[in-house]
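Observations on the three-dimensional arrangement
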Number of protein chains: 2
Amino acid sequence: MDLLVSGGTIVTMDPDRRVIEDGAVAIEADTIAAVGARTELESRYAKCRKLDARWTLVLPGMINGHAHAAMSLFRGIADDHSLDDWLQKYIFPAEARNVTEDFVLWGTRLGVLEMLRGGVTTFADMYYFEDVVARVTKEAGMRGILGETILDFPAPDNPSPAAAFEYTQNFIDRWKGNPLITPAVAPHSIYTLSEQTLRDSAALARRNAVPILIHLAEAPFESRRSQEQHKLSPVAYLESIGVLGPDVIAAHCVWVDAKDIATLVRLGVGSIHNPSSNMKLASGVMPVVDLLAADAAVGLATDSAASNNNQDLFQEMNIAAKLQKVTRMDPRALPAQQAVELATIRGAQALHLDQQIGSLEVGKQADIVLIGTGATHSTPMYNVYSQLVYALNAHDVRTVIIAGKAVMEDRVMHTMDKPGILAKAHEYQRKVAESLIVAPVI
Amino acid sequence: MDLLVSGGTIVTMDPDRRVIEDGAVAIEADTIAAVGARTELESRYAKCRKLDARWTLVLPGMINGHAHAAMSLFRGIADDHSLDDWLQKYIFPAEARNVTEDFVLWGTRLGVLEMLRGGVTTFADMYYFEDVVARVTKEAGMRGILGETILDFPAPDNPSPAAAFEYTQNFIDRWKGNPLITPAVAPHSIYTLSEQTLRDSAALARRNAVPILIHLAEAPFESRRSQEQHKLSPVAYLESIGVLGPDVIAAHCVWVDAKDIATLVRLGVGSIHNPSSNMKLASGVMPVVDLLAADAAVGLATDSAASNNNQDLFQEMNIAAKLQKVTRMDPRALPAQQAVELATIRGAQALHLDQQIGSLEVGKQADIVLIGTGATHSTPMYNVYSQLVYALNAHDVRTVIIAGKAVMEDRVMHTMDKPGILAKAHEYQRKVAESLIVAPVI
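Residues numbered from 1 in each chain as written. Chains lettered and ligands numbered in written order. Predicted model: local features only at pLDDT ≥ 70, side-chain atom pairs only at ≥ 80, totals over all residues.

1. Observations concerning the overall build of chain A
Counting its regular elements, chain A contains 16 helices and 19 strands. Taking 22 Å as the expected radius of gyration for a compact globule of 442 residues, we find that chain A reaches 21 Å, a close match to that expectation. Taking all 442 residues of chain A together, 62% fall into the buried category. Partitioning the contacts of chain A with sequence separation of at least 6, the portion at a separation of at least 24 is 73%. (Helix = DSSP H or I, 4+ residues; strand = E, 2+ residues; numbered from the N terminus. Rg over C-alpha atoms; globule rule 2.2 N^0.38 Å. Buried ≥ 20, exposed ≤ 12 C-beta atoms within 10 Å, placed from the backbone. Contact = placed C-beta atoms within 7 Å.)

2. A closer look at the interface of chain A and chain B
Counting residues at the interface gives 55 residues for chain A and 55 residues for chain B. Breaking the side of chain A that touches chain B down by element, the ones donating at least two residues are α3 (101-117), α10 (275-280), α12 (313-328), α15 (384-391) and α16 (418-437) of chain A. Here the side of chain A that touches chain B takes seven residues from α16 of chain A, the largest share from any one element. Tallied by class, residues from the side of chain A that touches chain B come to 24 nonpolar, 19 polar and twelve charged. (Nonpolar A, V, L, I, M, F, W, Y, C, P; charged D, E, K, R; others polar.)

3. Topic: the relation of the copies chain A and chain B
Screw-axis analysis of chain A against chain B gives a translation of 0.0 Å along the axis, an RMSD of 0.0 Å, and a rotation angle of 180°. The two molecules are tied by a two-fold rotation axis, judged by turn and shift. When the interface residues of chain A are mapped onto chain B, 100% of them are again interface residues, pointing to one common binding face. (Least-squares fit on C-alpha atoms with pLDDT ≥ 70 in both.)

4. Topic: unusual backbone geometry
Cis geometry is found at the peptide bond from Asn308 of chain A to Asn309 of chain A, where omega equals 10°. For Asn309 of chain A, the position within the fold is in the loop between β15 (297-300) and α12. With omega at -10°, the peptide bond leading from Thr379 of chain A into Pro380 of chain A counts as cis. Note that Pro380 of chain A resides in the loop between β16 (368-372) and α15. Its identity is not glycine, yet Ala282 of chain B carries a phi of approximately 55°, on the positive side. If you trace the backbone, Ala282 of chain B turns up in the loop between α10 (275-280) and α11 (288-293). Note on Ala282 of chain B: 21 C-beta atoms within 10 Å, which makes it buried. Here the phi dihedral of Asp303 of chain B falls at roughly 55°; this positive angle occurs in a residue that is not glycine. Structurally, Asp303 of chain B can be placed in the loop between β15 (297-300) and α12 (313-328).

5. Re the pairing of strand β1 (residues 3-6) of chain A
Successive side chains on a regular strand alternate, one facing one side of the sheet and the next facing the other. Residue and element names in this part refer to chain A. Of the two faces of β1, the one carrying Leu3 and Val5 and the one carrying Leu4 and Ser6 are both buried. Relative to strand β4 (residues 23-28), β1 runs antiparallel, the two sharing four bridges. By the bridge assignment, Leu3 is partnered in β4 with Ile27. (Pairing = 2+ DSSP bridges.)

6. Looking at helix α4 (residues 130-140) of chain B
Residues of α4 of chain B that are buried: Glu130, Val132, Val133, Ala134, Val136, Thr137 and Ala140 of chain B. Phi turns positive, to about 75°, at Gly141 of chain B, one or two residues after α4 of chain B.

7. Re the environment of Phe129 of chain B
All names here are of chain B. The residue Phe129 is located in the loop between β9 (120-127) and α4 in this model. The class of Phe129 is buried, set by 24 C-beta atoms lying within 10 Å. Residues Phe129 and Asp102, 27 residues apart in the sequence, show an inter-C-alpha distance of 9.3 Å. Setting aside its immediate chain neighbours within four residues, Phe129 contacts Glu101, Val104 and Asp157.

8. Describing the sheet that holds strand β1 (residues 3-6) of chain B
Residue and element names in this part refer to chain B. The strand order β5-β4-β1-β6 describes an open sheet built from four strands, whose pairing is mixed. Unpaired on one side and paired on the other, β5 (31-37) and β6 (50-52) mark the two borders of the sheet. Strand after strand, the sheet turns through a mean of 20° between neighbouring axes, direction not considered. The pairing of strand β4 (residues 23-28) with β5 spans six bridges and is classified as antiparallel. Looking at the pairing, Ala26 lines up with Ala34 of β5. (Axes fitted to C-alpha atoms, helices over the stretch in contact; angles between N-to-C directions.)

So, in structure tokens, the structure goes:
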């Protein structure tokens, strides 16, 4: 046995949702070998190296189901604008002027660093120069489902969908089989891609047996256009052209009706809730309660730091629970335990990785976070799920273990150079700010 | 000159909303003596003791307009229940069994400690044994508008409204004129009090020239009952019996129409927005944008840790901004700067204290917080308001100065015994948990 996480309250998120007070988790190589009472595991593995977990909640690593990590360098460049102004006057010009391989390198490092420090151990990402994203993720010791964004117009790296497809095939060839990295195909959305590009994307994914990442049913204009052009909802349209299936991970799914929800469930599509982004950009409210009532695979996510403006899944759990309650005018909607499920086991289902991650169970990957409970704002504690969702926050995360390796211990990073990353982010801040001073591109 | 806060970005919240890069604030006794460029103030006050504010945002102390600080000991005892179950099966029985003078002493210490650590320098509070709340507030060096809750049924300390009135008169006599404490009269709400008690409360306040704290138009049932009983909205009813005026601080104001808003503005009533509590208890969404369009005095608040579950105004700024956007489906609604205003200068207006606090201006009280900007989650920074609302959080607060005195410096408490308070909170956790095991009272 390699490591015994010992003495905390184990929030297993297993099928029985066991919470083990004064428990322990034994790790062998990258795998969970035992979960149980501390006294029992300490005597069984008496010689094993111990990691003191007293005064912590021990949770499965949290899963951020939709991100654009490199955009952390654009944190808050253009808030409180209309969606159109935000995209056309700020984000697209800022990307055209700034996004290089080096930008993605340092932006992803910044985003990954923030996620790790907040207890995220797995993220799904779609951006540009995704090979760099994969390298950063691997070097950080993090788990990622990563896809190069496919667009019908020129992206910062690929001038055409054909180039993006070629990039993606090479990317898949390079990363498939990596224990931490799952390469994916990432067509941007139905409103930026032709039917042909969408079909080709799905075909590429299925030829390679990798997942598909896509934005779906995010904003009212998307639904409106889909109805105008196809007489179908976004979900129904994507189904009609054969893109939806048990390998799809669809971000947002805000504008879905009962029929769309049935489609997502029937086809095994994972849906990712981004409450902060959806509120801040005024996209709408995902009907999470209805999706869960239909037993859909729903995950939780931060979206990018340009539309949030952080990578903090604690905040998303908090806001997700409150948003469903007020939207439905029912304080019982999306209780705390379900919010934790979105960030762990159900999020793993949505990413189609629930055989490997999402709960503390024997045989699963040892992705584990220790969350300190000794702070003023988390005292007293009556219920672990309430505390996780409504009181604790990203800064309370003490230690993060991924595939059996500690990437952060007592808030000290083992795999990333925090001062170096922040220094580089300040350099980019000056460059990006200068690039926005000239007239908008459009 | 006693202290020069020197080198930070001064976010003044003055009438011009000046933001001074590399600025300084000079403090003499309890008062702000100068605000300006660092170089200028450092040469003018060369011999003054300096407090290094580099790498921080220097903000007016934040104002929590509605709290029940002692309920921090009930943090999360009963989440995700219907409002009726929450009150009848948990909160009222828990209060009946647990709330003593000692409970209020330690509960308020816990709540005040959390607020101070999150940059709150002024809070409005209504609870029981309010004299203890005032003692704790003074001993912590914090500013408070405090009122003993008046109920028509027996409270944990006073058996009747008459007893509560007598308590309140003594409370006012003891605290009026204290530089930190503003005593108030705190009738609970229109749905727990008779017209006579409401009128008597207002008369008591006006005889003593102190403010009135009240819950108003919080939940749909309150509006429904008011319409049934009085054929008036809660706001119109309170106006009709002469309670509303420029000394009233009304928490919630969720269910207000255009006419109610005009009434609140015309009479100079302060309204307090509690977004987390209103979402979590499914009370509804305050029309903040409409209130601000009418130039109403609107503050921001956490409500109690039993309905939130924290005392974190950063979270409230964040959620307030996002909630207005998604509710109105307009990403421009409640921009970041306005959210900061709710927590500072406009919050001061809502508490009728804007001559003393709420901005960094010469002659105002030296209530100042320093917020560190060097963390991963707040790098890079393009706009100070965006950063305050969407990226920074309570844990980033480094130093808190109230009336010229540092109560926390670089996160070390000077006026409160944090370990002692947390130890006592754990004792109470056991007591409260045991008290809830027996059958509900009802």
